[in-house]
Amino acid sequence: MIRNIIDEIRQELVGKIDEEYKIGAKRYFKEEVEIMGIRTPDVRKIARMYYAVVIDLSKEELFELCEKLLKSKFFEEKTVGIDWIFRLRDKYKKSDFVRFKAWIVKYVDNWAHCDDFCTHIMGAFLNKYPSKIEVVVNRWSKAKNRWLRRASAVSLIYVIARGGEELKYAFQVSDLLMMDKDDLVQKGYGWLLKEVADRYPSEVYKYVVKNQDVMPRTALRYAIEKMPKEWRKPLLRGSEV
């Protein structure tokens, strides 16, 4: 059944290929990403349609199917797998933490899938099991794998939207990632600070002011993006706002 479903999904995706979109989509990645060329709303629609076919499978059977999709070389098939894992969020168990971390390490190879996986799957998991936030913040931020380091920040965004203890952990993980040389990691914690600033603008502003001399420009720009112009301008040290 698994092979048949994946073959059917692939055929459905092939029917939605847009060659012009494919050319533009590849420009968003520095990494080598195998893109079929299907617009995201179409991929989501196909994911939703086929989830209805497999919904009666057990959680383990569905996770097995999802992992097959994550293993695919095609960007869009991985996206379907991530979509389905998130749909199973009501069935997450604390023990799934080990599996989710392994999937990030094994199958995530670009910023888009890192963010999709972490702002949905990991975010929902941490919202349900907040005791694991400390592990994500303190251990993943020090990992050799760049996607785990980015994940240590962006996984908190889902928790933030639901009123979790984002301020404490946002500053903690930003401190740990502050001097990371990877621009995608810098953008990750900068994005987190930007989201936190929606609820705590003064606190984030004070944090950025305190760290402006050491914070990489990439992270700083992300963090202050939605702040008032009069706050942003001095922090950009004379560059255009």
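A brief look at the structure comes next. (Residues numbered from 1 in each chain as written. Predicted model: local features only at pLDDT ≥ 70, side-chain atom pairs only at ≥ 80, totals over all residues. Heavy atoms only, no water.)

Scanning the chain from terminus to terminus reveals 15 helices and 0 strands. With respect to the principal axes defined by its C-alpha atoms, the chain has extents near 60 × 45 × 30 Å. Split into buried and exposed, the 241 residues of the chain put 50% on the buried side. With an accessible surface of roughly 12200 Å², the chain has 49% of that area assigned to carbon and sulfur atoms. Positive and negative charge centroids in the chain, built from 47 and 37 side chains respectively, lie 4 Å apart. (Helix = DSSP H or I, 4+ residues; strand = E, 2+ residues; numbered from the N terminus. Buried < 20%, exposed > 50% of the residue type's maximum accessible area, 1.4 Å probe, protein only. Areas by Shrake-Rupley, 256 points an atom, 1.4 Å probe, with all protein chains shown as cover. Lys, Arg positive; Asp, Glu negative; His and termini not counted. Charge placed at Lys NZ, Arg CZ, Asp CG, Glu CD.)

For the rest of this paragraph, the subject is the nonpolar core. If you look at the biggest cluster of nonpolar residues, it comprises 81 residues, and the most contacted ones within it are Trp 84, Ile 85, Phe 100, Ile 104 and Met 122. Residue contributions to this core peak at 8 residues, all from helix H7 (residues 111–128). (Core = buried A, V, L, I, M, F, W, Y, C linked by side-chain atoms within 4.5 Å.)

Looking now at helix H9 (residues 146–154). Of all 9 residues making up H9, 8 are buried, and the element is well covered by its neighbours. For H9, every residue scored as buried is listed here: Trp 147, Leu 148, Arg 149, Arg 150, Ala 151, Ser 152, Ala 153 and Val 154. A distance of 2.8 Å separates the backbone nitrogen of Trp 147 from a side-chain oxygen at the start of H9, and that oxygen is part of Asn 145. (Polar contact = N/O pair within 3.5 Å; in protein donor to acceptor, adjacent residues only side chain to side chain.)

We now examine helix H4 (residues 59–70). Taking 1.5 Å per residue, 12 residues should reach 16 Å; H4 reaches 16 Å between its end C-alpha atoms and fits that length. Buried within H4 are the following residues: Lys 59, Leu 62, Phe 63, Leu 65, Cys 66, Leu 69 and Leu 70. Along the axis of H4, the buried positions cluster into a sector of 160 degrees, meaning they face one direction only. (Expected span 1.5 Å × (residues − 1). Arc of directions from axis to C-beta.)

This brings us to the packing of aromatic side chains. Any pair of aromatic rings gets described here by the distance separating the centres and the angle formed by the planes. For the coordinates displayed, the defined rule picks out 15 aromatic pairs. Judged by centre distance (5.1 Å) and plane angle (70 degrees), the ring pair of Tyr 92 and Phe 100 falls under edge-to-face. With centroids separated by 4.7 Å and ring planes inclined at 35 degrees, the aromatic side chains of Tyr 205 and Trp 231 adopt a geometry described as tilted. With Tyr 205 in helix H13 (residues 201–211) and Trp 231 in helix H15 (residues 229–235), this residue pair connects regions lying 26 residues apart in the sequence. Assessed through its relative accessible area of 23%, Tyr 205 is described here as partly exposed. By relative accessible area, which is 23% here, Trp 231 ends up partly exposed. Ring pairing ties together the aromatic residues Phe 63, Tyr 92, Phe 97, Phe 100, Trp 103, Phe 117, Phe 125, Tyr 129 and Trp 140, which thus form one cluster. When the ring centre of Phe 86 is taken as origin, the NZ or CZ atom of Arg 89, which lies over that ring, is 4.0 Å away. Here the basic side chain of Lys 132 rests over the ring of Phe 97, its NZ or CZ set 4.8 Å away from the ring centre. (Phe/Tyr/Trp six-rings, centres within 6.5 Å; stacked < 30°, edge-to-face > 60°. Lys NZ or Arg CZ within 6 Å of the ring centre and 35° of its normal.)

On to the packing of H4 against helix H5 (residues 75–87), then. Direction vectors running N to C along H4 and H5 enclose 150 degrees, while the axes themselves pass 7 Å from each other. If you check the angle between H4 and H5, you find them roughly antiparallel. Crossing of H4 over H5 shows left-handed handedness. Contacts from Phe 63, Leu 65, Cys 66, Leu 69 and Leu 70 of H4 reach H5 at Glu 77, Lys 78, Val 80, Gly 81, Ile 82, Trp 84 and Ile 85. Each residue belonging to the contact of H4 with H5 can be placed in one class, and the counts come to 9 nonpolar, 1 polar and 2 charged. (Axes fitted to C-alpha atoms, helices over the stretch in contact; angles between N-to-C directions. Parallel < 35°, antiparallel > 145°, perpendicular 65-115°, else oblique. Left-handed = near helix turned anticlockwise from the far one by under 90°. Contact = heavy atoms within 4.5 Å. Nonpolar A, V, L, I, M, F, W, Y, C, P; charged D, E, K, R; others polar.)

Turning next to the environment of Pro 216. Positionally, Pro 216 belongs in the loop between H13 and helix H14 (217–223). Each C-alpha atom, one on Pro 216 and one on Arg 99, is 33 Å from the other, the two residues being 117 residues apart in sequence. The contact partners of Pro 216, leaving out residues within four places of it in the chain, are Met 178, Gln 186 and Tyr 189.

Let's shift gears to the packing of helix H12 (residues 183–197) against H13. H13 packs onto H12 with a crossing angle of 145 degrees between their chain directions and a minimal axis gap of 7 Å. Contacts from Leu 193, Val 196 and Ala 197 of H12 reach H13 at Pro 201, Val 204 and Tyr 207. Partitioned by chemical class, the residues of the contact of H12 with H13 number 6 nonpolar, no polar and no charged.

What follows covers the pattern of salt bridges. Applying the stated criterion across every chain yields a total of 17 salt bridges. Two residues, Glu 60 and Arg 99, come together in a salt bridge whose shortest N-O distance is 3.0 Å. Remark: Arg 99 occurs in helix H6 (residues 96–107) and Glu 60 occurs in helix H4; sequence separation between them is 39 residues. Judged by relative accessible area, which is 25%, Arg 99 ranks as partly exposed. With a shortest N-O distance of 3.3 Å, Lys 194 and Glu 225 are connected by a salt bridge. (Salt bridge = Lys/Arg side-chain N within 4 Å of Asp/Glu carboxyl O.)

What is shown is where atoms sit, not what they do.
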